[in-house]
Amino acid sequence: MKTPEAIHTMFNMIAKRYDMINNIMSFGTHLGVKSACIKSLDIKPHDNVLDLCCGTGDLAGLIKKIQPQACVTGIDFSENMLDIAKDKYTNVQFFQGDATSLPYEDNTFDIVTMGFGLRNIQNAEKAVEEVYRILKPNGKFLHLDFGEKNLISKIYDKLTPLIVSRFTDNAPAYSYLIKSRQIFPIPAELIKDFESKGFKLYKRKDYLFGVISSQIMVKS
Ligand SMILES: C[S@@+](CC[C@H](N)C(=O)[O-])C[C@H]1O[C@@H](n2cnc3c(N)ncnc32)[C@H](O)[C@@H]1O
């Protein structure tokens, strides 16, 4: 695992090409998967929603599109990723912040989302504790990331660096992203980790033959 400073620098460096590479790496599927996850959250008008590790803002932007009356905020520590998010989604508030130390009171949000973020956070345990703290009782936490380590994910891990290296001169950053996924817990282990912090499982859903998985946890 890289230090937070190294992760910060890495995302600042890849920010400009992040969306393009994301489209390539997901074979154009990531926005569809993100939309499906958001719909399964059943976000109500006026819900207060926070997207953590928002990157270039797609999850936050889709939340606003699917539930335009929700109040949506995105937080990330990479200023370059945030600049792109701000250009793309002017109806969402984006702020720079650290997921392990959030500037919010206890019980502030109805929903917190995090896509492809936790695996990049050195102190992931602290980030999950922060999510629990800032959620209202019965609030929902959507966690989305790579899922099972199956045959398809192994093929994906081999193919991705080869494809990505054709489009970016920052292939090492993408090798890191693949490595970070290989050591990240599988969904069943993650759910146990979330439960140990006080969450209860509400819904788990797998996408693309289990390569991607979402867990919706409820603060009990
Ligand atoms: C792989 S990107 C995911 C971006 C976006 N959620 C998506 O689904 O495309 C991970 C993001 O997490 C951010 N990040 C990593 N550690 C963080 C931390 N401790 N606090 C805030 N943001 C962090 C990075 O800057 C990066 O934008």
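Scoring rules and cut-offs
- Residues numbered from 1 in each chain as written.
- Predicted model: local features only at pLDDT ≥ 70, side-chain atom pairs only at ≥ 80, totals over all residues.
- Heavy atoms only, no water.
- 1 Å grid on protein atoms, 1.4 Å probe; cavity = no way out; pocket = protein on both sides within 12 Å on 5 of 7 lines; lining within 4 Å.
- Points joined across faces, edges and corners; volume = space filled by probe spheres on them.
- Helix = DSSP H or I, 4+ residues; strand = E, 2+ residues; numbered from the N terminus.
- Nonpolar A, V, L, I, M, F, W, Y, C, P; charged D, E, K, R; others polar.
- Near = heavy atom within 4 Å.
- Polar contact = N/O pair within 3.5 Å; in protein donor to acceptor, adjacent residues only side chain to side chain.
- Areas by Shrake-Rupley, 256 points an atom, 1.4 Å probe, with all protein chains shown as cover.

Novice: How do you make sense of empty space enclosed by the protein when you look at a structure like this?
Specialist: The gaps of empty space that remain are located by a probe, the size of a water molecule, rolled over the atoms. Scanning all chains against the criterion turns up one cavity of 30 Å³ or more. Estimated volume of the largest cavity: approximately 30 Å³. Lining of the largest cavity is provided by Ile24, Met25, Phe27, Thr160, Ile163 and Val164. Within the residue set of the lining of the largest cavity, elements represented by two or more residues are α1 (4-25) and α6 (151-164). Residue contributions to the lining of the largest cavity peak at three residues, all from α6. Grouping the amino acids of the lining of the largest cavity by side-chain chemistry returns five nonpolar, one polar and no charged.

Novice: Please clarify how the site of the ligand should be interpreted in this entry.
Specialist: Surveying the vicinity of the ligand reveals 19 residues, the closest of which are Tyr18, Cys53, Asp76, Ala99 and Gly115. Interatomic distance of 2.8 Å between a backbone N/O atom of Cys53 and a nitrogen atom of the ligand. Residue Gly115 places a main-chain N or O atom 2.9 Å away from a nitrogen atom belonging to the ligand. Within the complex, the protein chains bury 97% of what would otherwise be the 590 Å² of accessible surface of the ligand. Grouping the amino acids of the shell around the ligand by side-chain chemistry returns ten nonpolar, six polar and three charged.

Novice: Please explain the layout of surface pockets as it appears in this structure.
Specialist: Here the second largest pocket is characterised by a volume of approximately 270 Å³. Lining the second largest pocket we find 17 residues, and of these Leu118, Ala124, Phe184, Pro185 and Asp193 sit closest to its centre. Elements with a contribution of two residues or more to the lining of the second largest pocket: α5 (124-134) and α8 (187-196). In the lining of the second largest pocket, the residues fall into ten nonpolar, three polar and four charged.

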